[in-house]
Amino acid sequence: MSKILITGATGTNGKALAEVLTNRRVAVKLASRNPLPTNEYSEYVPFDFADVSTFEAAVADVDRVFLLGPPLQFGIEALLTPFIDFLKEKGINRVVYFSAFASEKMGDNFEFHLNLEKKLAADGFAYTILRPSFFAQNFKNYEFENITQRNIIFMPAGLGKAAFVDVYDIAEVAAKALTEDGHEHKTYELTGPELLTYEDIAAYLTEILDKKITYPNPTPEVFRQVLVDSGAPEFVANYLISVYGVIAKKEAEVIADGVELVLGRKATNVKTVLKRDFKG
Ligand SMILES: NC(=O)c1ccc[n+]([C@@H]2O[C@H](COP(=O)([O-])OP(=O)(O)OC[C@H]3O[C@@H](n4cnc5c(N)ncnc54)[C@H](OP(=O)(O)O)[C@@H]3O)[C@@H](O)[C@H]2O)c1
C-alpha cells in the first residue's frame, strides 16, 4: 500500500503529523537526516534535501508528500527545488507544502515560501498549501529557558498581536489534506482563535506558572545586541527581527478560518497549548 512521506520528521510539525497519522493507522515514512523512533505504522528513511542520492529510497512506495523546509535559514528555495523536480520526474503529484502566513510581509529574503508555492502550481502538482501563523509551541521550543529560568519572554514583537496556532491543529489539517479528496489546489491560512500581544502571553504564563513572567518589549537593536552578546550569529537575530517585525508592525492581526473550515471545529486557544507545554 502507498505511504505518505513526511519531511522534517524530527521537527515540531513533522513529529505532530506523524503522531496524528499513525494514531489513525496510516502508513508513513519519516524523512530526516537524523534517525528517530518508529512504530508499527512508521518507518525511518535517511533523507537530506541537499543530497540527491537520498531521494530514491525516500519516495519508494510513496504517493503523497508532506513537504517542509527548515527554519532559520535562507536559500530554502534552492534547497527544496531539486527534490520537487525529482517528485515531478517520478510522477508523485500530491504534495502538501508547509508555507507561512504573512511571509510576503517579512521582507525580500523571505520570498522563498511564495516562490515555492508558485513553483508547485506551475509544475502541475496537485498541491495543498498550508500557511500557518506563529506557532503557540514557539514559547516552549524557543523560549523555555527564558520563561522558566529568567522569567521573561524575549522577542522583538513590539506590542502587536498575533493569532498563535497549535501545531496539532496544523497537523490535523495536514492529515486531512493528505488522506482525503477535495483539498487539491487549495491554500489554507491557519491561525489560532484569538489575537494576543506578547504581554497577554506573559500574563497567561504568569497564571500558569504561578510566578511573574514579563515581556520587556525589546527594540530590534536591543534584541540584536543581546543575542550577539550571548553568542548567537547576527544572521539569526536579523532573521528573527524580520519575522517578528510582522507582529511589531501589526501586520499579523488576522484570524483566519482555515482550521475551522477543514476540521469543522474551533482552533485550539493558546492558553491550552501553554498549559500543555509548561504544566505537562
Ligand atoms: N515557527 C513559526 O512560528 C512558523 C510559523 C509559520 C511557518 N513556519 C515555517 O515552519 C517551518 C519549520 O517547521 P518546524 O518548526 O516544524 O521545523 P523544525 O522543528 O525546526 O524542524 C526542521 C526539520 O527540518 C529537517 N531538516 C533540516 N535540514 C534538512 C535537510 N537539509 N534535509 C532534510 N531535512 C532537513 C530537520 O531534520 P534533521 O535535522 O533531523 O534532518 C527537522 O526535522 C519553516 O519552513 C518555517 O518557515 C514557522
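Keep in mind the model is a prediction, meaning the values are calculated, not measured.

About the criteria used
- Residues numbered from 1 in each chain as written.
- Predicted model: local features only at pLDDT ≥ 70, side-chain atom pairs only at ≥ 80, totals over all residues.
- Heavy atoms only, no water.
- Axes fitted to C-alpha atoms, helices over the stretch in contact; angles between N-to-C directions.
- Helix = DSSP H or I, 4+ residues; strand = E, 2+ residues; numbered from the N terminus.
- Parallel < 35°, antiparallel > 145°, perpendicular 65-115°, else oblique.
- Left-handed = near helix turned anticlockwise from the far one by under 90°.
- Contact = heavy atoms within 4.5 Å.
- Nonpolar A, V, L, I, M, F, W, Y, C, P; charged D, E, K, R; others polar.
- Phe/Tyr/Trp six-rings, centres within 6.5 Å; stacked < 30°, edge-to-face > 60°.
- Core = buried A, V, L, I, M, F, W, Y, C linked by side-chain atoms within 4.5 Å.
- Buried < 20%, exposed > 50% of the residue type's maximum accessible area, 1.4 Å probe, protein only.
- UniProt positions renumbered as here; feature names shortened; annotations may be inferred.
- Near = heavy atom within 4 Å.
- Polar contact = N/O pair within 3.5 Å; in protein donor to acceptor, adjacent residues only side chain to side chain.
- Areas by Shrake-Rupley, 256 points an atom, 1.4 Å probe, with all protein chains shown as cover.

Observations concerning the packing of helix α5 (residues 138-149) against helix α11 (residues 270-279)
Here comes step 1: Two numbers describe how α5 lies on α11: the axes approach to 11 Å, and their chain directions differ by 60°. Judged by the angle between their axes, α5 and α11 are oblique. As for the relative orientation of α5 and α11, their crossing is right-handed in sense. Judged by residue contacts, F139, K140, F144, I147 and T148 of α5 engage L274, D277 and F278 from α11.
Here comes step 2: Its residues placed into classes, the contact of α5 with α11 shows five nonpolar, one polar and two charged.

Description of the packing of aromatic side chains
Here comes step 1: One pass over the full model with this rule turns up 23 aromatic pairs.
Here comes step 2: What links up through ring pairs into an aromatic cluster is the set F134, F139, F164, Y198, Y215 and Y244.

As for the nonpolar core
Here comes step 1: In terms of nonpolar packing, the biggest core is built from 67 residues, with F83, I153, F164 and Y198 touching the most fellow members.
Here comes step 2: Considering every element that reaches this core, the biggest residue donor is helix α9 (residues 234-248), with nine residues.

So, the UniProt feature "domain: NmrA-like" (unreviewed entry) in the protein chain
Here comes step 1: According to UniProt, the positions carrying the feature "domain: NmrA-like" (unreviewed entry) are residues 2-268.
Here comes step 2: For the annotated span residues 2-268, helix accounts for 42% and strand for 14% of the residues, and the straight-line distance between the end C-alpha atoms is 31 Å.

Observations concerning the site of the ligand
Here comes step 1: T10, T12, R33, G69 and N138 are the nearest of the 25 residues found near the ligand.
Here comes step 2: T12 has a polar backbone atom sitting 2.8 Å from an oxygen atom of the ligand.
Here comes step 3: Between an oxygen atom of the ligand and a side-chain N or O atom of N34, the distance comes to 2.9 Å.
Here comes step 4: When the ligand sits alone it has 930 Å² of accessible area, and the protein chains cover 87% of it.
Here comes step 5: Partitioned by chemical class, the residues of the shell around the ligand number 11 nonpolar, 12 polar and two charged.

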